[in-house]
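Observations on chain architecture
Spelled out from the first residue to the last, the chains are:
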Amino acid sequence: EGVTGFHMGALDPDALVEEDVQAVAETVAFAAQKYGTAAFEEMRDACIKQDLSWSEPARKWEALVEEMKAVEVEEAVAKKESVATPVAKV
């Protein structure tokens, strides 16, 4: 919350629920208050700087596959663990 965006909670994907409507309304009102502030600018910049490309997850997947078939399991495990989760970089 407030690092790369605003969180509304887990909304019901199958029905319009009063609590969800309230959560959305409260979040929009909160976002409107933050818009144009230094905190909003920092949040926007943090969001833009995220690496959400597939390159890091693909490297992790590749290392996992190598680990399953590797003779040198420790090397494959180290390779897999060296890849950071993209959102953790923020």
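So, here is what we can say about the structure in this document. (Residues numbered from 1 in each chain as written. Predicted model: local features only at pLDDT ≥ 70, side-chain atom pairs only at ≥ 80, totals over all residues. Heavy atoms only, no water.)

1. Structural notes on the overall build of the chain
As a reminder, the rule being used: For helices the rule is a DSSP run of H or I covering at least 4 residues; for strands it is a run of E covering at least 2, with both sets numbered from the N terminus onward. Here's how the labels work: a residue is buried when its accessible area is under 20% of the maximum for its type, exposed when over 50%, partly exposed in between, all with a 1.4 Å probe on protein chains only. Any two residues whose heavy atoms approach within 4.5 Å at even a single point are treated as in contact. In these tables, accessible area is a Shrake-Rupley quantity obtained with a 1.4 Å probe, and a residue counts as shielded only by the protein chains included in the view.
Of regular secondary structure, the chain possesses four helices and zero strands. Along its sequence from the N terminus, the chain presents helices and strands in the succession α-α-α-α. Within the chain, buried positions represent 17% of all 90 residues. Taking the intrachain contacts of the chain between residues at least 6 apart in sequence as the baseline, contacts between residues at least 24 apart amount to 53%. In the structure as shown, the chain presents an accessible area of about 6,900 Å², 60% of it carried by carbon and sulfur atoms.

2. Remarks on helix H2 (residues 38-49)
Worth spelling out the cut-off: Here, expected helix span is obtained from the residue count minus one, scaled by 1.5 Å. Note that the arc is defined by the directions from the helix axis to the C-beta atoms.
In this model H2 runs 16 Å from its N-terminal to its C-terminal C-alpha over twelve residues, within 8% of the 16 Å that 1.5 Å per residue would give. Those residues of H2 not exposed but buried are Phe40, Met43 and Ala46. Down the axis, H2 shows its buried residues gathered within 125 degrees of arc, on one side only. Exposed and facing more than 90 degrees away from the buried side of H2 are Ala38, Glu42, Ile48 and Lys49. Elements in contact with the buried residues of H2: helix H1 (18-34).

3. What about the environment of Lys79?
Structurally, Lys79 can be placed in helix H4 (residues 73-81). The sequence separation of Lys79 and Leu64 amounts to 15 residues, and the corresponding C-alpha distance is 8.6 Å. Not counting residues up to four positions away in its chain, the partners in contact with Lys79 are Glu62, Ala63 and Glu66.

4. Here's the deal with the pattern of salt bridges
What counts here: Here, a salt bridge means any Lys or Arg side-chain nitrogen found within 4 Å of an Asp or Glu carboxyl oxygen.
For the structure on display, the rule yields three salt bridges. Close ionic contact of Arg44 with Glu41 constitutes a salt bridge, the shortest N to O distance being 2.7 Å. Of this pair, Arg44 and Glu41 both sit in helix H2, separated by three residues, roughly a single helical turn. Via salt bridges that share partners, Glu41, Arg44 and Asp45 belong to a single interconnected network.

5. Description of the environment of Ala78
As for its position among the elements, Ala78 is in helix H4. Along the chain, Ala78 and Ala63 lie 15 residues apart, while their C-alpha atoms are 8.6 Å from each other.

6. A few points about the packing of helix H3 (residues 55-69) against H4
To characterise two packed helices, one gives the angle between the axes of the helices and the distance between these axes. Rule in force here: To define axes, lines are fitted to C-alpha atoms, for helices over the stretch in contact only, and angles between the resulting N-to-C directions are given on a 0 to 180 degree scale. Oblique is the label for every angle not falling under 35 degrees (roughly parallel), over 145 degrees (roughly antiparallel), or within 65 to 115 degrees (roughly perpendicular). Crossing chirality is assigned from the near helix's rotation relative to the far helix, an anticlockwise turn below a right angle marking it left-handed and a clockwise turn marking it right-handed. Classification convention: Asp, Glu, Lys, Arg as charged; Ala, Val, Leu, Ile, Met, Phe, Trp, Tyr, Cys, Pro as nonpolar; all other residues, Gly among them, as polar.
Running from N to C, H3 and H4 point in directions that differ by 165 degrees, and their axes come no closer than 8 Å. The angle between H3 and H4 falls in the class roughly antiparallel. Classified by chirality, the crossing of H4 by H3 is left-handed. Residues Lys60, Glu62, Ala63, Leu64, Glu66 and Glu67 of H3 form the contact with H4, whose own contacting residues are Val73, Ala76, Val77, Lys79 and Lys80. Considering only residue class, the contact of H3 with H4 consists of five nonpolar, no polar and six charged.

Distances and angles like these do not, on their own, reveal function.
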